[in-house]
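An overview of the molecular structure
Listed here are the chains, written in short residue letters.
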Amino acid sequence: MSETLARAREALPSGAPEPVPVSAPAAPRSGRVRRVLRLAGSVAKRSVAIAALLVLWEAAPRAGLVDSVFLPPFSKVVGAWLTAAGSGLLWDNLQASLLRSVTGLAIAVLVAIPLGVLIGWYRTAADLLGPLLELFRNTAALALLPVFVLLLGLGESSKISLVVYASTWPILLNTVSAVRGVDALLVKSGRSLGFPPLQLFRKVVLPAALPTVFTGIRLAGAASILVLVAAEMTGAKAGLGYMINAAQFNFEVPQMYAGIVTIALLGLVFNQVLVTLERRFSRWRTDPS
């Protein structure tokens, strides 16, 4: 910098003002601060109702509004959760439930999305399979639990199959609705550009249907956890449902609530993972601002 200034001074005629060194402008941080404050405000707004619920949960048993034997304060539930986590009991049961739920949901996705696209796009397939699907989708998954147990036994197969059955319908129905709801103008535009059927699906139909399909997957994720926990309460030796049921029989009420809280947290994590995947595969829908 000093050599450059010296050369500039030599090149200047006598009496001309000397060049003043200009420092590089500092990177603007106001936008980053605003984003952080906006995110903190959003998190605070979403946490108000949950915080109020936890405060009420803690205060009601201590104030005698409810029997603390059957509804212990939230702090005792947290203590029981930490104890179960430290002993490994919580993680063993969580791992068993997570493996069954993720496996069943993955199989449901692989089966329901292609079938939904087929039914939503081809009228002949809808006419043939529509009545059968209407019959089975109105049959509750838990009502078929004895059937799955009789056919597949009390092992992992019956539980995963039940999760597959319960998770298939939200994905299938949303996929059918999404494919049928694609803007006809988009399809005509793709055909006018000379897209073959496979390319039309890949570049027009599937991107337009993806948000609704992910809505079905999120619903299926919640259904997979709920149905699995109910199935684990009968004839299981591991899992969150088994943990809750065993705690109830042994009258370990704080541990029972700890299992329930874990299921709620697992559902939140499931939903957030699916929302992140939806944003990843639907970047064209994100707001650039």
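Residues numbered from 1 in each chain as written. Predicted model: local features only at pLDDT ≥ 70, side-chain atom pairs only at ≥ 80, totals over all residues. Heavy atoms only, no water.

Description of the overall build of the protein
Operational definition: Secondary structure elements are taken from DSSP: a helix is a run of H or I of four residues or more, a strand is a run of E of two residues or more, and numbering for both begins at the N terminus. Computed by Shrake-Rupley with a 1.4 Å probe, the accessible areas treat only the displayed protein chains as cover when residues are assessed.
From N to C terminus, the protein includes 11 helices and 0 strands. Counted from the first residue to the last, the protein has its helices and strands arranged as α-α-α-α-α-α-α-α-α-α-α. Accessible surface for the protein amounts to roughly 18200 Å². Of this, 67% is attributable to carbon and sulfur atoms.

Considering the layout of surface pockets
Selection rule: Both site types are read off a 1 Å grid over the protein atoms alone. A 1.4 Å probe that fits but cannot get out defines a cavity, while an open set with protein on both sides within 12 Å along at least five of seven lines defines a pocket; lining residues have an atom within 4 Å of a point. Grid points are joined across faces, edges and corners, and a volume is the space filled by probe spheres set on the points.
Roughly 510 Å³ of volume is contained in the largest pocket. Taken together, the elements giving at least two residues each to the lining of the largest pocket come down to helix H4 (89-121), helix H7 (156-180), helix H9 (197-232) and helix H11 (253-281). For the lining of the largest pocket, the element with the highest residue contribution is H4, accounting for 7 residues.

A closer look at the environment of Phe 70
Put simply, the rule reads: Contacts are assigned to residue pairs that have any heavy atoms within 4.5 Å of one another.
Along the chain, Phe 70 falls in the loop between helix H2 (30-62) and helix H3 (74-87). In sequence terms Phe 70 and Glu 252 are 182 residues apart; their C-alpha atoms lie 9.8 Å from each other. Contacts of Phe 70, omitting those with residues within four sequence positions, involve Phe 251, Val 253 and Tyr 257.

Comments concerning a positive patch on the surface
The following threshold applies: Every patch collects residues that have over 30% relative accessible area and no salt bridge, joining them within 9 Å if they carry like charges and within 5 Å if they are nonpolar side chains (Val, Leu, Ile, Met, Phe, Trp, Tyr). Should a side-chain nitrogen of Lys or Arg be within 4 Å of a carboxyl oxygen of Asp or Glu, the pair is scored as a salt bridge. Positive: Lys, Arg. Negative: Asp, Glu. His and the chain ends are not part of the count. Charged side chains are reduced to one point each, which is NZ for Lys, CZ for Arg, CG for Asp and CD for Glu.
Among the surface-exposed residues, Arg 32, Arg 34, Arg 35 and Arg 38 lie close enough to one another that they form a single positively charged patch. For Arg 38, the location among the structural elements is in helix H2.

Regarding the nonpolar core
For soluble globular proteins, the rule of thumb is that nonpolar side chains tend to be buried together. Our working rule: Here the nonpolar core consists of buried residues drawn from Ala, Val, Leu, Ile, Met, Phe, Trp, Tyr and Cys, with membership extended through side-chain atoms lying within 4.5 Å. Three exposure classes are used, based on accessible area relative to the maximum for each residue type with a 1.4 Å probe and protein chains only: buried under 20%, partly exposed in between, and exposed over 50%.
Within the largest apolar cluster, 53 residues are counted, with the highest numbers of intra-cluster contacts made by Leu 162, Ile 171, Leu 172 and Leu 240. With 13 residues, H9 is the single largest residue contributor to this core. Excluding residues that lie within four positions of it along the chain, Leu 172 makes contacts with Ala 112, Leu 115, Gly 116, Ile 119 and Leu 133.

Focus on the pattern of salt bridges
Side-chain pairs of opposite charge can arise where the charged atoms are in close proximity. All chains considered together, the criterion is met by 3 salt bridges. In this structure, the salt-bridge partner of Glu 156 is Arg 100, at a minimum N-O distance of 2.7 Å. Here Glu 156 is found in helix H7, whereas its partner Arg 100 is found in helix H4, with 56 residues between them in sequence. Exposure remark for Glu 156: the relative accessible area of 39% places this residue in the partly exposed category.

Quick look at a nonpolar patch on the surface
Together, Val 147, Leu 150, Leu 151 and Leu 152 give the surface a local cluster of nonpolar side chains, amounting to about 440 Å² of exposed area. Here Val 147 lies in helix H6 (residues 145-152). The class for Val 147 is partly exposed, based on a relative accessible area of 39%.

Some remarks on the environment of Val 102
For Val 102, the location among the structural elements is in helix H4. With relative accessibility at 41%, the residue Val 102 sits in the partly exposed group. On a C-alpha basis, the gap between Val 102 and Val 164 in space is 9.8 Å, while along the polypeptide they are 62 residues apart.

Some details on H9
Here is the rule: The span you would expect from a helix comes to 1.5 Å times its residue count less one. Two axes are fitted around each residue, one to the seven residues ending there and one to the seven starting there, and the angle between them is reported as the bend at that residue.
With 36 residues, H9 ought to run about 52 Å at 1.5 Å a step, yet its terminal C-alpha atoms sit only 44 Å apart, falling short of that. Taken as a whole, H9 carries its principal kink of about 50° at Leu 210; the proline Pro 211 stands between one and four residues after it.

Focus: the confidence of the model for the protein
Should the pLDDT be low somewhere, the predicted coordinates at that spot are not to be read in detail. Keep this limit in mind: For every residue, the predictor assigns a confidence score, pLDDT, that lies between 0 and 100.
Scored by pLDDT, the protein comes out at a mean of 80, with 85% of its residues at no less than 70. Between the elements of the protein, mean pLDDT differs from a low of 53, seen in helix H1 (residues 2-11), to a high of 91, seen in H3.

Side note on the packing of aromatic side chains
For the record, the criterion: Between the rings of Phe, Tyr and Trp (Trp by its six-membered ring), a pair exists once the centres lie within 6.5 Å; its type follows the angle of the planes, with under 30 degrees stacked, over 60 edge-to-face, and the other angles tilted.
Here the structure, examined in full by the defined rule, presents 6 aromatic pairs. Seen from their ring centres, Trp 57 and Tyr 257 are 5.9 Å apart, and the 65° between their planes marks the pair as edge-to-face. In this pair, Trp 57 is assigned in helix H2 and Tyr 257 in helix H11, connecting sequence segments 200 residues apart. Each member of the pair, Trp 57 as well as Tyr 257, is classed as buried. Here the aromatic cluster, defined as three or more aromatic residues joined through ring pairs, consists of Trp 57, Phe 74 and Tyr 257.

Examining the side chain of Thr 175
You can see Thr 175 is positioned in helix H7. Apart from residues no more than four positions distant in its own chain, Thr 175 is found in contact with Ile 113, Gly 116, Val 117 and Val 213.

So, the packing of helix H8 (residues 184-192) against H9
Convention followed: Fitting a line to C-alpha atoms yields each axis, with helices limited to the stretch in contact; the angle taken between N-to-C directions then spans 0 to 180 degrees. Any angle that is under 35 degrees is reported as roughly parallel, and any over 145 degrees as roughly antiparallel; angles of 65 to 115 degrees are reported as roughly perpendicular and all others as oblique. The sense of a crossing depends on the near helix, which, turned anticlockwise from the far helix by less than a right angle, makes the crossing left-handed and, turned clockwise, makes it right-handed. For this scheme, ten residues count as nonpolar: Ala, Val, Leu, Ile, Met, Phe, Trp, Tyr, Cys and Pro. Four count as charged, namely Asp, Glu, Lys and Arg, and the remainder, Gly too, count as polar.
Interaxial distance between H8 and H9 falls to 10 Å at its minimum, and their mutual angle equals 165°. With respect to H9, the element H8 is oriented roughly antiparallel. Between H8 and H9 lies a crossing whose hand is right-handed. Of the residues in H9, those touching H8 at Leu 186, Val 187, Gly 190 and Arg 191 are Leu 200, Val 204 and Ala 208. Of the residues belonging to the contact of H8 with H9, the class tally is 5 nonpolar, 1 polar and 1 charged.

A word on the packing of H6 against H7
For the pair H6 and H7, interaxial distance at closest approach is 9 Å and the crossing angle is 140°. In terms of orientation, H6 lies oblique with respect to H7. In this structure, H6 meets H7 at a crossing whose hand is right-handed. Facing H6, whose interface residues are Leu 145, Phe 148, Val 149 and Leu 152, H7 presents Ser 157, Ser 158, Ser 161, Leu 162 and Tyr 165.

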